[in-house]
Amino acid sequence: MPRYEYRCRTCGDTTFELSRPMAESSAPADCPSGHDDTVKLLSTVAVGGTAAAPAAAPRASGGGGGCCGGGCCS
């Protein structure tokens with residue numbers, strides 16, 4: 001079940017979290033002190049872990065590179 005973060009406008013900077021179904025994410029939430037003037041905060045998601053870097057694409061053979069496809073532009 002997703003967790004949503006809320007801020008109580010009455011308490012000031014007090015924030016709290018609630019676990020609730022996505023269908024109820026917009027429903028009003030009372031703060032732990034009982035106030036009903038709260039606002040849902042926009043949460044960011046942090047994803048951690050490691051992943052292998054994608055392999056480099058193979059180079060086309062021939063030409064020798066450069067801006068003119070092998071002919072040196074001086």
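Above: the structure in question.
Given the structure is predicted, the values throughout are model-derived calculations rather than measurements.

Q: Kindly report on the overall build of the chain, identifying the contributing residues and their values.
A: Looking only at helices and strands, the chain features zero helices and three strands. Secondary structure elements of the chain, listed N to C terminal, follow the sequence β-β-β. Residues counted as buried form 12% of the 74 residues belonging to the chain. The contacts of the chain with a sequence gap of at least 6 include a subset with a gap of at least 24, amounting to 28%. For the chain, the exposed area adds up to about 6,000 Å²; of that, 53% sits on carbon and sulfur atoms.

Q: Which residues make up the sheet that holds strand 3 (residues 38-40), and what are the values?
A: Pairing between the strands of a sheet comes from backbone hydrogen bonds, and it takes one of two forms, parallel or antiparallel. Taken in spatial order, the three strands make up an open sheet running 2-1-3, and their pairing is antiparallel. With one partner strand each, in any of the chains shown, strand 2 (15-19) and strand 3 form the two edges of the open sheet. On average, adjacent strands in this sheet sit at an angle of 35° to one another, irrespective of strand direction. Taken together, the five bridges between strand 1 (residues 3-8) and strand 2 define a ladder with antiparallel strand orientation. By the bridge assignment for strand 2, Tyr6 is matched with Phe16.

Q: Talk me through the pairing of strand 1; I want residue IDs and the actual numbers.
A: Because side chains alternate across strand 1, one face comprises the buried residues Tyr4, Tyr6 and Cys8, and the other comprises Arg3, Glu5 and Arg7, none of which is buried. Counting the residues between successive antiparallel strands, the hairpin from strand 1 to strand 2 contains six residues, one of them, Gly12, with a positive phi of roughly 100°. Bridge count for strand 1 against strand 3 is three bridges, and the pairing is antiparallel. Bridge pairing in strand 3 places Arg7 opposite Val39.

Q: Outline the environment of Ser19, listing residues and values.
A: Position of Ser19 among the secondary structure elements: in strand 2. A distance of 2.8 Å separates the side chain of Ser19 from the side chain of Arg3, its partner in a polar contact.

Q: Describe the nonpolar core, naming the residues involved and giving the relevant values.
A: Core analysis: the biggest nonpolar cluster contains six residues, these being Tyr4, Tyr6, Cys8, Phe16, Ala29 and Cys31. Counting residues per element, this core draws most heavily on strand 1, at three residues. Other than its neighbours up to four places away in sequence, Cys31 contacts Cys8, Cys11, Phe16 and Thr38.

The rules we used
- The residue count restarts for each chain, going from 1 along the sequence in the order it is written.
- Reporting in this predicted model follows two pLDDT cut-offs: at least 70 for local features of residues, and 80 or more for side-chain atom pairs to be given and counted; totals over whole chains, interfaces and linings ignore these cut-offs and use all residues.
- Neither water nor hydrogens contribute to the side-chain values; these are computed over all heavy atoms in the structure.
- Helix and strand definitions here come from DSSP, where helices need a minimum of 4 consecutive H or I residues and strands a minimum of 2 consecutive E residues; each element is numbered from the N-terminal end.
- Relative accessibility under 20% of the residue-type maximum defines a buried residue, over 50% an exposed one, and the middle range a partly exposed one, all with a 1.4 Å probe and only protein chains included.
- In what follows, residue pairs with any heavy atoms lying within 4.5 Å of each other are defined as contacts.
- Here the accessible surface of atoms and residues is derived via Shrake-Rupley with a 1.4 Å probe, and residues count as covered only by protein chains that are part of the display.
- Following DSSP output, two strands are said to pair if at least two bridges run between them.
- Throughout, an axis means a line fitted to C-alpha atoms (over the contacting stretch in the case of helices), and angles, computed between N-to-C directions, take values from 0 to 180 degrees.
- In the analysis that follows, any N or O atom pair within 3.5 Å is treated as a polar contact, provided that within protein one partner can donate a hydrogen and the other can accept it, and provided that, for residues neighboring in sequence, both atoms belong to side chains.
- What we call a nonpolar core is a set of buried Ala, Val, Leu, Ile, Met, Phe, Trp, Tyr and Cys residues that are connected through their side-chain atoms within 4.5 Å.

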